Amino acid sequence: MRRDLDGSYLRSGQVARQAGVNPQTLRYYERRGLIVEPARSPGGHRAYPPETVTLLTVIKAAQRLGFTLDEVAELIDTGRRGHPSPDLRARTQAKIVEVDARIADLTTIRTALTRVVTAGCDSLTNCTCPDCPLPYADLAAFRAPEEDRPS
């Protein structure tokens, strides 16, 4: 499968293997417009230019940084138009704010879990530790009025 005298095409399996994705991901990205629909070989096989591997690597790296596939698609589209844009910088700054918020949430969760371990909690609803930090213990003691209980 030759593109021209200077370069060769890659088949789906080769691209997927080199980029670390599965062939279904490759086709999905193709349908989404993230990668260009490839030419076909005389035998009907998809024939991708080698640059596709680089593009897939960039897409996966952006996803690892927290960008959604929609965000990646928009950034790629902006880049394909060749117009300089502050969009990547602004989106990256917004992503940093999101990451900081997630870190704060995870820190809160970790602190609460550490308190549960330190207190020696033994039940989510009927904890017997002296200073149970779980708010659910009080909720378990709450009982619905007689008329609201199922018969």
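Rules and cut-offs
- Residues numbered from 1 in each chain as written.
- Predicted model: local features only at pLDDT ≥ 70, side-chain atom pairs only at ≥ 80, totals over all residues.
- Heavy atoms only, no water.
- Helix = DSSP H or I, 4+ residues; strand = E, 2+ residues; numbered from the N terminus.
- Buried < 20%, exposed > 50% of the residue type's maximum accessible area, 1.4 Å probe, protein only.
- Contact = heavy atoms within 4.5 Å.
- Areas by Shrake-Rupley, 256 points an atom, 1.4 Å probe, with all protein chains shown as cover.
- Axes fitted to C-alpha atoms, helices over the stretch in contact; angles between N-to-C directions.
- Parallel < 35°, antiparallel > 145°, perpendicular 65-115°, else oblique.
- Core = buried A, V, L, I, M, F, W, Y, C linked by side-chain atoms within 4.5 Å.
- Expected span 1.5 Å × (residues − 1).
- Arc of directions from axis to C-beta.

When helices and strands are counted, the chain shows six helices and two strands. Counting from the amino terminus, the chain carries its helices and strands in the arrangement α-α-β-β-α-α-α-α. Per-residue burial for the chain yields a buried fraction of 24% across its 151 residues. Put simply, of all contacts in the chain between residues at least 6 apart along the chain, 46% involve residues at least 24 apart. A total accessible area of about 10800 Å² is found for the chain, and carbon and sulfur atoms account for 56% of it.

Quick look at the packing of helix H1 (residues 12-19) against helix H2 (residues 23-32) now. It is the contact of H1 with H2, at a shortest axis distance of 8 Å, that shows an interaxial angle of 100 degrees. For the element pair H1 / H2, the angle class is roughly perpendicular. Only Pro23, Leu26 and Arg27 of H2 make contact with H1, whose side of the interface consists of Ser12, Val15 and Ala16.

Our focus in this paragraph is the nonpolar core. Membership of the largest hydrophobic core comes to 19 residues, with the highest contact counts inside it found for Val15, Tyr29, Leu34, Ile35, Leu56, Ile59 and Val72. Where this core is concerned, the elements lending two or more residues are H1, H2, helix H3 (51-64) and helix H4 (69-80). Discounting residues that sit within four places of it in the chain, Val72 has contacts with Leu34, Ile59, Ala62, Gln63 and Phe67.

Each full turn of the α-helix corresponds to 3.6 residues, which orients residues three or four apart in the same direction. Taking 1.5 Å as the rise per residue, helix H5 (residues 87-119) with 33 residues should run 48 Å; its terminal C-alpha atoms sit 48 Å apart, in good agreement. Two residues or fewer after H5 comes Gly120, characterised by a positive phi angle close to 80 degrees.

Of the positions making up H1, those classed as buried are Ser12, Val15, Ala16 and Ala19. One side of H1 carries all its buried residues, which in axial view fall inside an arc of 95 degrees. Facing away from the buried side of H1, by more than 90 degrees, are the exposed residues Arg17 and Gln18. For H1, the elements touching its buried residues are H2, strand E2 (46-47) and H3. The first or second residue beyond H1 is Gly20, which carries a positive phi of 75 degrees.

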